[in-house]
Amino acid sequence: MDAFWNDDLATADPEIAAAIASELGRQRDKIELIASENIASRAVLEATGSVFTNKYAEGYPGKRYYGGCDYADVVESLAIERAKSLFGCNFANVQPNSGSQMNQAVFLALLEPGDTFMGLDLNSGGHLTHGSPVNMSGKWFNPVSYGVEQGSERIDMEEVARIAREHRPKLIICGGTAYSRLWDFAAFRAIADEVGAILLCDMSHISGLVAGGAHPSPFPHCDIVTSTTHKSLRGPRSGIILWNDEKFTKPLNMAVFPGLQGGPLVHVIAAKAVAFREALQPEFGAYAHRIVENARALAASLEENGLRIVSGGTDNHSMLVDLTAKDVTGKDAEKGLDRAWLTCNKNGIPFDTRSPFVTSGIRLGTPAGTTRGFGPAEFRTVGKLIAEVVEGLSQNGPEGDARIEESVRARVSELCRAFPVYPGM
Ligand code: DSN
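Keep in mind that this is a model prediction, so the values were computed, not measured.

Colleague: Provide a residue-level description of the sheet that holds strand β15 (residues 361–365), including the pertinent values.
Modeller: Strand order across the open sheet formed by four strands is β11-β12-β15-β14, with antiparallel pairing between neighbours. Each end of this open sheet is capped by a strand with a single partner; those strands are β11 (308–309) and β14 (345–347). Against the sheet, helix α12 (residues 282–304) engages β11, β12 (318–322) and β15, with an angle of about 10° to β12. Seen against the sheet, helix α13 (residues 330–339) touches β14 and β15 and runs at an angle of roughly 50° to β15.

Written as structure tokens, this is what we have:
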């Protein structure tokens, strides 16, 4: 046996151990406002780092291409059963390694190259895998996008219906990454039925809210529902596919394996099972509702402090802040806020005239802050702190106001100390 094989990480690889320790410090000391991030439980982290990392288990429970899969079958079967009861559906595939792969599997299962499909435009809050020209979905298939309406900045279902009638897509995708209003799944169903399309919901951003009853469920309206598991759902980084009609079972399972993936990440499937169990607890319902309450408090505070929220507010965990009136770019805001220990991402706003590398907005979300215990009062404070940093950028340009940023950092530290992350780790 190699001398280092049984060493702990700090002994075996001090550089990586130091980077992990620094990342823990960053997560503890800064306020995480990236809408797609969260802070997984210790149990989820432990399962992700478990001995299942060693195991090959190509195939599905009871039908594997490798020996020694008894316990892999236990965790995958539990993950499937828990996913089904959490979201109230008949079938689940818990093997997709990521959000991109879960959506690729749906395309592989149901479409032929060149087929027409509809999805929300990236500039209106969609996702790369919903038809962006730089993604496989846009290169190998024929995407037709719908967007938000100028003015209301909401999806206009009449316009979605018009586009669907004109293009007769084989698949319609609802769901996005930067759309803060409720999705009208029943209206999407009616349109899909009228044009004979399959209806897919990618609920990655809102799946924790759906699980906790804080957002309407895409079931029974949607034929297939995909979700990442690490956003509001607070599990490990991964994906799942859910459906009700048995006719989709073989094509979807075959598309995930052997169509796209090889050996599943059993350690991550174990962590998904843990996260689904957590989300089935009544406390998770309270958490999901608090995320939305907190997002409303944050949006209101930002508006009171002079910043415009796209579409005038939020119904979910996220919001887009339009910085145009302050003449501050999303890129500069992201950097300035990071200097003040508030982490977020620049994001295009609807009809943005700046490039995706610069943008006129930032996207904010409340799932991670809510996990660490923030309530509406803390999020109102966060809104005020953000507005102060943006004002410094507005007055002084990209360098911002160092005195304001220092003062915000001190107040961020106070909040973080009062709501610790991973105490004792
Ligand atoms: N990159 C994710 C997000 O931040 O929304 C979506 O895949």
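Colleague: Tell me about the state of the cysteines, and please be specific about residues and values.
Modeller: A complete count under the given rule lists zero disulfides for this structure. No disulfide involves Cys89; its sulfur sits 12 Å from the nearest other cysteine sulfur, which is in Cys222. Classification of Cys89 by relative accessible area gives buried; the value is 8%.

Colleague: Describe the pattern of salt bridges, listing the residues and the values that go with them.
Modeller: Under the criterion given, the structure shown has 22 salt bridges. Here Asp315 makes a salt bridge to Arg296, at a shortest N to O gap of 3.6 Å. Highlighted residues: Asp315 in the loop between β11 and β12 and Arg296 in helix α12, separated in sequence by 19 residues. A relative accessible area of 15% places Asp315 in the buried class. Where Glu388 meets Lys384, a salt bridge forms, and the shortest distance between an N and an O atom there is 3.1 Å.

Colleague: How would you summarise helix α8 (residues 185–195) if you had to cite specific residues and measurements?
Modeller: Looking only at α8, the buried set comprises Phe185, Ala187, Phe188, Arg189, Ile191, Ala192 and Val195. Residues of α8 that are buried sit in contact with β6 (142–146), α7 (157–167), β7 (171–174) and β8 (198–202).

Colleague: How would you explain the nonpolar core if you had to name every residue and give the values?
Modeller: If you look at the biggest cluster of nonpolar residues, it comprises 53 residues, and the most contacted ones within it are Tyr146, Ile172, Trp183 and Leu242. Broken down by element, the residue count for this core peaks at six residues, all from α8. With near-sequence residues (within four places) excluded, Tyr146 lies in contact with Met118, Gly119, Leu120, Asp121, Ile155, Val160, Ile163, Ile173, Cys174, Trp183 and Phe188. With 33 residues, the next largest nonpolar core counts Phe379, Val382, Ile386 and Leu393 among its residues.

The rules we used
Residues numbered from 1 in each chain as written. Predicted model: local features only at pLDDT ≥ 70, side-chain atom pairs only at ≥ 80, totals over all residues. Heavy atoms only, no water. Pairing = 2+ DSSP bridges. Helix = DSSP H or I, 4+ residues; strand = E, 2+ residues; numbered from the N terminus. Contact = heavy atoms within 4.5 Å. Axes fitted to C-alpha atoms, helices over the stretch in contact; angles between N-to-C directions. Disulfide = S-S within 2.5 Å. Buried < 20%, exposed > 50% of the residue type's maximum accessible area, 1.4 Å probe, protein only. Salt bridge = Lys/Arg side-chain N within 4 Å of Asp/Glu carboxyl O. Core = buried A, V, L, I, M, F, W, Y, C linked by side-chain atoms within 4.5 Å.

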